[in-house]
Amino acid sequence: MSRMKQFDFSPALTAVRQQIGDVCPSWALILGSGWSVVLERFASTHIVPYADIPGLGQAGVQGHAGELHVVEINGRLGLVFAGRRHLYEGIGFGPIATPVYIAKSLGAETLLLTNAAGGIRPGLAPGDLMLLDDHINMMGQSPLTGEHDAFWGPRFPDQSTVYDPALRQTLASVAERAGHPLDHGVYLATSGPSYETPAEIRAYATMGADAVGMSTVPEAILGNAAGMRVAGISCITNVAAGVADKALAHDEVLQVTEQAKPRMGDVLAVICRHLSEPPPA
Ligand code: HPA
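The numbering scheme is per chain: residues are counted from 1 as the chain's sequence reads. At least 70 in pLDDT is required for a residue's local features to be given in this predicted model, at least 80 for side-chain atom pairs to be given and counted, and no such filter applies to totals for whole chains, interfaces and linings, which use all residues. Derived side-chain values reflect all non-hydrogen atoms in the structure, with water molecules and hydrogen atoms excluded from consideration.

Caption draft 1: A look at the site of the ligand. The environment of the ligand is formed by Ala116, Ala117, Gly118, Tyr195, Glu196, Val212, Gly213, Met214, Thr237, Asn238 and Leu248. We define a polar contact as two N or O atoms separated by no more than 3.5 Å, with the added condition that, inside protein, one atom must be a possible hydrogen donor and the other a possible acceptor, whereas residues neighbouring each other in sequence contribute only through side-chain atom pairs. Here Gly118 contributes a backbone N or O atom positioned 3.3 Å from a nitrogen atom of the ligand. Separating a nitrogen atom of the ligand from a side-chain N or O atom of Glu196 is a distance of 2.8 Å. Here the ligand loses 94% of its free accessible area of 260 Å² to cover by the protein chains. Contributing elements (two or more residues each) for the shell around the ligand: strand E5 (110-119), strand E8 (211-213) and strand E9 (229-239). Under the scheme used here, helices are H or I runs from DSSP no shorter than 4 residues and strands are E runs no shorter than 2 residues, and both carry numbers assigned from the N terminus. Looking at the shell around the ligand, the element that brings in the most residues is E5, giving three residues. Note on terminology: near, applied to a residue and a molecule or strand, indicates that one of the residue's heavy atoms is within 4 Å of it. In short, Shrake-Rupley with a 1.4 Å probe defines the accessible areas, and a residue's cover is counted only from the protein chains shown.

Caption draft 2: Region of interest: the packing of aromatic side chains. Ring geometry is summarised as follows: Phe, Tyr and Trp rings, the Trp one being its six-membered ring, pair when their centres sit within 6.5 Å, and such pairs are stacked at plane angles under 30 degrees, edge-to-face over 60 and tilted between the two. One pass over the full model with this rule turns up six aromatic pairs. Aromatic side chains Phe7 and Phe9 sit 4.9 Å apart centroid to centroid with 55 degrees between the ring planes, which places their arrangement in the tilted category. Aromatic side chains Phe9 and Trp152 sit 6.0 Å apart centroid to centroid with 70 degrees between the ring planes, which places their arrangement in the edge-to-face category. Taken together, the residues Phe9 in the segment before helix H1 (10-20) and Trp152 in the loop between strand E6 (129-138) and helix H3 (165-177) connect sequence positions 143 residues apart. Overall, Phe9 belongs to the buried group, its relative accessible area being 5%. Grouping aromatic residues by their ring pairs yields a cluster made of Phe7, Phe9, Tyr101, Phe151 and Trp152. Any residue under 20% of the maximum accessible area for its type is buried, any over 50% is exposed, and the rest in between are partly exposed; the area is computed with a 1.4 Å probe on protein chains only.

Caption draft 3: A look at H1. Listed in full, the buried residues belonging to H1 are Ala12, Leu13, Ala15, Val16 and Ile20. All buried residues of H1 lie within an arc of 160 degrees about the axis, which places them on one face of the element. Directly after H1, the chain includes Gly21, whose backbone phi takes a positive value near 80 degrees. To obtain the arc, one takes the directions from the helix axis to the C-beta atoms.

Caption draft 4: Broad picture of the pattern of salt bridges. Any Lys or Arg side-chain nitrogen found within 4 Å of a carboxyl oxygen on Asp or Glu counts as a salt bridge. Under the defined criterion, the tally for this structure stands at seven salt bridges. A salt bridge links Arg168 to Asp133, with the shortest nitrogen-to-oxygen separation between them at 3.8 Å. In this pair, Arg168 sits in helix H3 while Asp133 sits in strand E6, placing the two residues 35 residues apart along the sequence. Looking at Asp133, the relative accessible area reads 24%, which means it is partly exposed. Within the structure, one salt-bridge network assembled from shared partners comprises Arg121, Asp183 and Asp210.

Caption draft 5: Summary view of the environment of Ala269. In this structure, Ala269 sits in helix H6 (residues 250-275). Overall, Ala269 belongs to the buried group, its relative accessible area being 2%. Once the C-alpha coordinates of Ala269 and Ala178 are considered, the two residues, 91 residues apart in sequence, prove to be 9.9 Å apart. Contacts: residue pairs with any heavy atoms within 4.5 Å of one another. In contact with Ala269, other than residues within four places in its own chain, are Val38, Arg41 and Phe42.

So yeah, pure geometry; function would need other evidence.
Below is the structure:
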């Protein structure tokens, strides 16, 4: 069980500040499998390997680069965390929370989370991109478990709009204008690393889940509790277990991700540009 207050984030923040200086990013992005393609669209002013960030360490799964990039667009800065840590690594919530802690501490107001997910709702096909309307936490625990730390907001944070409604609407229209309309739906997170059984997927469908994955929910809970505007996008990489008559394979997930990359890059690039527009006067 993670005790967040016992996790010391300050060495991570100090290390990042030492490498990137006293910057004030407007937004932060945490990239799931495949989404790092967006980094090809922008020049990075700084790159910090996760190995240099105490507590964040090496990201553990193939396809997760494990680097923090600072990008400058229109004179505004964004933090791009390429790679994330997962609960299934058995590392508790500290390393998962570290990017959110850094982003919030440096002043980022918007947190965009991306991931790969299995499609539960009929009609969600591999390659589709789904904006998160809401989530269901089936990880069995909250990242806020443990002694209360006011950095993360109130003891019992409201969860009625974890994913900011106005931001969702804006991102949907920005993506649509760029020729990539997004699906939207409810993301359910398990702790993994096993994929779901067909019976679990039937249960999750009944509960109202449209897609399933093993990430994102901790960072969304934390970002929202800390007062950030949070949004999330899933790339549907497969139909969930039992929905199609075949077994799930991580290789296949990677293959679909590879094919979807140009679209993921396009969508994230227009979103990053939008988030970097000057605020209305
Ligand atoms: N289940 C859980 N996590 C996933 C899946 C899935 O089907 N696809 C990609 N990540």
